[in-house]
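Topology and contacts: notes
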Amino acid sequence: EDRLTLFDLPLDPVTLDHALTRLGEWMFRAHRTPHTVVTLNPEFIVQSRTQPDFVRAMQEADLVTADGVGIVWAARQLRGREVPRAPGYDLVKGLMERHGAELRVFFLGAKPGVAEQAAQHAVRDYGVQVAGIHHGYFDQAEDQRVAEFVGASGAHLVLTAMGAGRQEIFNHYWRQVLGAPVLIGCGGVIDVLAG
Ligand code: UDP
């Protein structure tokens, strides 16, 4: 496919609509193979220069979208390619709108109490099922416990919002344990959903 490379990182020139369709296929097909999704922003490029694990998590991601205009601009200037925006919030909202009650979502991240609020709003606004909830302030020694907790939830979609790098590395490293077919690192999205 026509994936491009920007500062040694992959970028998929997919429209929001196409991205939503692909994620839908991954979530609802019989084989629950985990897929990681990264929504690339300029901060990731800078931060990952000193974080090889973060680079690897992005290089091995199944889908890398342009989170904002900074990346769209860079792809145009440096690669002469037009890459549509597909921000994390739009991906999450789009999936919940499209799949509603058939979708089981795990809310992982943000401060204690915030993911509960986000989940309540997602149920109210989109009718999704809540597979589980966990805050994002745990020590790395607890990664496996949390990953197993998520893995036992039967989620289709895991929203991992634990800050740039941490969330992508966690999704990538633990993907087989997390087990859900779509794992999205989505920064402030849980805070936004919580309103
Ligand atoms: N967050 C978290 N655990 C952490 C750090 C951040 O759950 O150890 C959450 C934070 O509460 C917010 C989201 O991750 O909901 C994004 O945080 P922030 O904007 O500080 O991170 P950035 O994406 O700018 O690195």
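Placed above this text is the structure.
Because the structure is predicted, anything quoted here is derived from the model rather than measured.

It is worth spelling out the overall build of the protein at this point. From N to C terminus, the protein includes 10 helices and 8 strands. By the compact-globule yardstick of 16 Å for 195 residues, the protein fits well, its C-alpha radius of gyration being 16 Å. With the C-alpha coordinates aligned to their principal axes, the bounding extent of the protein is approximately 40 × 35 × 35 Å. Intrachain contacts of the protein at a sequence separation of at least 6 include 75% that bridge at least 24 residues.

As a further point, take the site of the ligand. Among the 14 residues in the neighbourhood of the ligand, the closest are listed as Ala110, Gly136, Met162, Gly163 and Ala164. Here the residues of the shell around the ligand sort into 6 nonpolar, 5 polar and 3 charged.

Right, let's get into unusual backbone geometry. Among all residues save glycine, negative phi is the norm, and among peptide bonds the norm is trans. Of note, Asp8 is a non-glycine position whose phi angle comes to about 65°, a positive value. Although it is not a glycine, Ala110 sits at a positive phi angle of roughly 70°. Among the residues examined, Ala110 registers 27 C-beta atoms within 10 Å and is labelled buried.

Another point: helix H8 (residues 166-173). Burial analysis of H8 places 6 of its 8 residues in the buried class, which makes it a mostly covered element. Where H8 is concerned, the buried positions are Gln167, Glu168, Ile169, Phe170, Asn171 and His172.

Side chains Leu63 and Thr65 project from strand S4 (residues 63-66) onto one buried face, and the interleaved Val64 and Ala66 project onto a second face that is buried too. With 4 bridges connecting them, strand S3 (residues 35-40) and S4 associate as parallel partners. The partner of Val37 across the bridge, within S4, is Leu63.

With that settled, the discussion passes to the nonpolar core. Grouped together as the largest cluster of nonpolar side chains are 63 residues, with contacts concentrated most on Val105, Phe106, Phe107, Leu157, Val158, Leu159 and Ile190. If sequence neighbours within four positions are ignored, Ile190 has contacts with Phe107, Gly109, Ala110, Val114, Ala115, Ala118, Leu159 and Ala161.

What follows is about the pairing of strand S6 (residues 129-134). The pairing of strand S5 (residues 104-109) with S6 spans 5 bridges and is classified as parallel. Paired with Arg104 across the strands is Gln129, a residue of S6. Crossover connection from S5 via helix H6 (residues 114-126) to parallel S6: handedness right-handed.

Next up on the list: the packing of helix H3 (residues 52-59) against H8. Their axes nearest at 9 Å, the elements H3 and H8 cross at an angle of 60°. What the angle tells us is that H3 and H8 run oblique. H8 is crossed by H3, and the crossing has left-handed handedness. Taking contact as the criterion, the partners of Asp53, Phe54, Ala57 and Met58 in H3 are, on H8, Glu168, Ile169 and His172. In terms of residue class, the contact of H3 with H8 is made up of 4 nonpolar, 1 polar and 2 charged.

Turning our attention to the packing of helix H1 (residues 16-28) against helix H5 (residues 88-99). For any two helices packed against each other, the geometry is given by the interaxial angle and the distance between the axes. The N-to-C vectors of H1 and H5 enclose an angle of 60°; their axes lie 10 Å apart at closest approach. Classified by the interaxial angle, the pair formed by H1 and H5 is oblique. Regarding H1 and H5, the two cross each other, and that crossing is right-handed. Across from Leu16, Ala19, Leu20, Leu23 and Gly24 in H1, the residues of H5 making contact are Asp90, Leu91, Gly94, Leu95, Arg98 and His99. Considered class by class, the residues forming the contact of H1 with H5 number 6 nonpolar, 3 polar and 2 charged.

The rules behind the values
Residues numbered from 1 in each chain as written. Predicted model: local features only at pLDDT ≥ 70, side-chain atom pairs only at ≥ 80, totals over all residues. Helix = DSSP H or I, 4+ residues; strand = E, 2+ residues; numbered from the N terminus. Rg over C-alpha atoms; globule rule 2.2 N^0.38 Å. Contact = placed C-beta atoms within 7 Å. Near = placed C-beta within 6 Å. Nonpolar A, V, L, I, M, F, W, Y, C, P; charged D, E, K, R; others polar. Buried ≥ 20, exposed ≤ 12 C-beta atoms within 10 Å, placed from the backbone. Pairing = 2+ DSSP bridges. Core = buried A, V, L, I, M, F, W, Y, C linked by C-beta atoms within 7 Å. Right-handed = clockwise from strand over helix to strand, strands pointing away. Axes fitted to C-alpha atoms, helices over the stretch in contact; angles between N-to-C directions. Parallel < 35°, antiparallel > 145°, perpendicular 65-115°, else oblique. Left-handed = near helix turned anticlockwise from the far one by under 90°.

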